[in-house]
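Examining the three-dimensional arrangement
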Amino acid sequence: MADAKMVKRKIAGGAQQAVGKYISSTTGDPLDITSAGGVEGSTEGLTIFFDVALDLLCLANTDGYFLKLNPAWETTLGYTMDELTAVQFLDFVHPDDVAGTMEAISELASQQKVIDFVNRYRSKDGTYRWLQWRSAPSGDLIIAAARDITEQKRFEEEQAQSFGHLEELVRERTKELERINEELTESIRERVKSEARAESFLNLSLDMFSMPGFDGYFKYVNPAWERTLGYTREEILSTSLTELIHPDDRDSTVEEIREIGAGKETMNFRNRYRCKDGSYRWLSWSAVNVPEEQVMFAVAQDITDMKSAELDVAESKDELEAIYNGLGDGLMVVDVEAGTVVRSNHVLDSMLGYSQEELTGMPITRVHPPEELQQKGWEVEKGGKGMKHVQDLICLRKDGSTFPVDMTGTSINYKGRPSVVAIMKDATERKKAGEALKASEQTLQTIFDSMPGLLSFKNRDNVIVRANKMFADSLGMQVEEIEGRPLSEIFPDQGEEYWKDDLEVIESGKPKLGIEEPLDTPEGTTWLRTDMVPYRDTDGEIIGVVGFSVDITERKRAEEELRLKESAISTSINGIAIADMERRLTYVNGAFLELHGYESPDEVLGREILEFVKDERELAPVMNELLETGSWVGELKSKRKDGLLFDGQFTTSVILDERGNPVAMLATMLDITERKRAEELIKKNSEELKNLIEIAAHELRHPATVFRGYAQILISNWEDMDRETIQDALSRIDEATTRLIRLVDSLLETSRIERGKIDLSLSEVDPAAPVRLAIEEFRSRESDRELRLNCAALDKEIMDAEKVKQVLVILIDNAVKYSDEECPIDIECVKVEGEIVYRVADLGPGIPDKDRGCIFERFYQVADVLHHSLPGIGLGLYIAKTIVEVHGGWISEEPRDGGGSVFSFGIPAVRESDHAQIVSYLRVAG
Ligand code: ADP
């Protein structure tokens, strides 16, 4: 230990004033000031500590005046001692802290210690400094040590504001301080009892007072050392500085001590001291050299916590810096009131083309055009809370070019000023992509609208989400009127029905294709063919139905037309058939089947044409012409299923496809058998007519020649002729006249028959009566020929006696005409099996076998020499046959045994009671 010496120390430098004070050191404990009788009488050593202490130490009275202040007051607050002592210290206290301070003073006045009271003192420059007080009463006096914690407060605030996690640290530090304070309080309590008030400064102070010697050992340390490092003071004093100092800090410390030795005053030198527990604490030093004493006066503050806070802050700042610059997006902080950029990151710098220095302080109007800001801008953010998103905010580059950004802005308080932190993403690509998307949307929309059908997308709620123009047009509406509306609103009548289909698709997930349904439109009913397909989102979930409908009204119309044509074709009386180019039938209609005797198309389809005609010989030329010229019209013998042939009238043509290639053959046909028969009949009739005219002319000429011959004879020879000759001539004329009349009667009768005008005059007569009448008429013309009569006595029958007589006259005339004069004629009238049978038999030449079946036909005459020489026109037997048949009877000729013919005819025997029956029968027969 150094001997007690008087040292004079002069505080030099800065705003510190030189205060000449002396402290005395006694042998033994140089700072054993327990016996000091008060501050006034404190030792000189204590005075030096009082002067060099970094804490603000003071002695005040309870009236509110400082009595004594150490120089730290001047350096901290900037006042002179006089200024500080001239007024009540409350004048320096921040108005908000006055009440608290008063309370603290009153506690001190009531002899209680006040530890860790904090208030603000106004500095000379008008700013306030935060002071933390540790005060003890001593009667009417107050001994107090205050520490300027403004910096710490600022850290705390900054941390509280910007880095929430530091709060925790501060809280911990506060706790630590409390803990230390408690310890200190305890210690003070202990010491206050035994130590002098003057020593309280050293003991109360958190500052670590010491006197390191140039020999590398401390000559004095105050109790703060014990508290801070955990050693006893004795341990500290007996340990070399190098052992206590962190190895990394030794060199700098040795160098610092060397410089102090050379007269330099150290302020805020920092190094680490090892604690008893092996940990290190950061100390901040102020020291001066006292060369005379070969010691230094040094005060250290434990700044470990502040250092770690600083480190944390630095670390947080580094982290934030890294975050700022690591952000892929531009970032800037804008002071809202000043309208300037106060911070930016590298990304933003390069986005805009400025350096960070250029950007900092730049008006925001140079980053964004003012009108852009006005429109989308920052204004609303002023003082606002929360977030703001702005899309496509225009940015100005240094080179004057512009580009869009998407900005997210947040209000913050940056360094105590209302600010906006804005994160900006270059939206050029997005905008381009957006525009490309828009363009492709446009393209899609165009495609959508020009689709040749009705396209719509309905969601699961039956609402039309999208529809194309054609869809809207078909309803006479605008797309906007349709989109977003439920289907049921647009189709009040059919909506339900449509929705059923949609639901089916949505629920099954399977498309429904080819739904044909009518749609009522302002123009009438339209037919649609619709395909419904489920619509899925990217996850495959069905979110609706896409419907695509095509107008098939025309097709429907064509189908209907085709159906009508088909039914016309199938019901046509013309047979219609289509065959492929291999000549196999591919289609036949009903008439075709009927004409050919088939029942079902299956029987004929696929079979060859040849099977339906007479033979290949007939078919070949037809096919040749058809294929060569494309059509053929004509008659062809057709073959029925049963093998019978019939005459077919054909119209055929080759069917060509769109390119003109033959693909099929079509034939329409009619059965013309009947027509052919009719034609033949007409032909025959006209032949007969020709014959008739010839015969009739011949037959008419005969009597005419007779008339003329005899008339001329009479005219020329009248006077020379005798009466007999005249008589003969006249009777020849009469004969010829009769013959002429009979001829004309025959013609008239035939004409009547042909016109169907044979009227029977039925009455009940004796069947022999017509025979008697015939003979009577015959006798009127010819009396010589022998007639042999055989008439049975019969009951009366119903007949036209006159007509039956006419038949008998024809048969008798023929018998007479075709047999020799001497041959008798046998006439018979009998009843055989319900019929009255008449027979006229002669001994003439008979009828040749070949003519037997024909002699009853009109105009038929047997053509042989014998027959031909006789007059006649072949109508007698025809008339006879007709008359018999209208009576419901029959007529025939058979050869007579021994030569000649027997002509017989029978008439049904009908009683009176059956009259009605016969009448109706005859009507039918007629
Ligand atoms: P015609 O006026 O020619 O006699 P008919 O119809 O009475 O006409 O007779 C038809 C033909 O039948 C006669 O031309 C004749 O050749 C033949 N014929 C009719 N009656 C007899 C008969 N009794 N004997 C032979 N031939 C007969």
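Numbering of residues starts from 1 in each chain and follows the order in which that chain's sequence is written. The model is predicted, so local features are restricted to residues of pLDDT at least 70 and side-chain atom pairs to those at 80 or more, both for listing and for counting; the totals for chains, interfaces and linings are taken over all residues. Side-chain numbers come from the whole structure's heavy atoms, not from hydrogens or water.

**A look at the overall build of the protein chain**
Only DSSP runs of H or I reaching four residues or more are called helices, and only runs of E reaching two or more are called strands; each is numbered from the N terminus. Secondary structure summary: the protein chain contains 31 helices and 34 strands in total. Here's how the labels work: a residue is buried when its accessible area is under 20% of the maximum for its type, exposed when over 50%, partly exposed in between, all with a 1.4 Å probe on protein chains only. Per-residue burial for the protein chain yields a buried fraction of 43% across its 926 residues. Should any heavy atoms of two residues lie within 4.5 Å, those residues are considered in contact. Long-range pairs, those at least 24 residues apart, make up 49% of the contacts in the protein chain with a sequence separation of at least 6. Only the protein chains shown count as covering a residue, and every accessible area follows the Shrake-Rupley method with a 1.4 Å probe. Carbon and sulfur atoms form 52% of the exposed surface of the protein chain, whose accessible area is close to 48,900 Å².

**Brief notes about the sheet that holds strand 24 (residues 585-588)**
Strand order across the open sheet formed by five strands is 24-23-27-26-25, with antiparallel pairing between neighbours. Looking at the sheet topology across the chains shown, the edges are occupied by strand 24 and strand 25 (631-639). Within the sheet, the average angular offset between the axes of one strand and its neighbour, ignoring direction, is 25 degrees. Pairing geometry for strand 26 (residues 645-656) and strand 27 (residues 662-671), over nine bridges, is antiparallel. Residue pairing across strands places Phe650 opposite Met669, the latter belonging to strand 27. Along the sheet, helix 24 (residues 673-717) contacts strand 25, strand 26 and strand 27; its crossing angle with strand 26, the most-contacted strand, is approximately 125 degrees. Two strands make a pair as long as DSSP finds a minimum of two bridges between them. Here an angle of 0 to 180 degrees is reported between the N-to-C directions of two axes, which are lines fitted to C-alpha atoms, with helices fitted over the stretch in contact.

**Side note on the pattern of salt bridges**
Salt bridges are defined by distance alone: a side-chain nitrogen of Lys or Arg within 4 Å of a carboxyl oxygen of Asp or Glu. Enumeration over the complete set of coordinates arrives at 61 salt bridges. Between Glu635 and Arg675 there is a salt bridge, and its shortest N-O distance comes to 3.6 Å. Of this pair, Glu635 sits in strand 25 while Arg675 sits in helix 24, and the two are 40 residues apart along the sequence. Of the charged contacts in the structure, one is a salt bridge between Arg858 and Glu754, with a shortest N-O distance of 2.9 Å. Note that Arg858 is positioned in the loop between helix 28 (849-852) and helix 29 (865-868) and Glu754 in helix 25 (residues 723-754), a separation of 104 residues in sequence. The network of salt bridges with common partners includes Arg742, Glu777, Arg781, Glu802, Lys805 and Asp813.

**What about the side chain of Asn589?**
With respect to the helices, strands and loops of the structure, Asn589 is situated in the loop between strand 24 and helix 22 (590-596). Any pair of N or O atoms that falls within 3.5 Å is considered a polar contact. Within protein, one atom must be able to donate a hydrogen and the other to accept it, and sequence-neighbouring residues count only if both atoms are side-chain atoms. Of note is the side chain of Asn589, whose polar atom sits 2.8 Å from the backbone oxygen of Ile569. Here the side chain of Asn589 touches Phe592 through a polar contact of 3.0 Å, landing on its backbone nitrogen. Setting aside chain neighbours within four positions, we find Asn589 in contact with Ile569, Ser570, Ser572, Asn574, Gly575 and Ile576.

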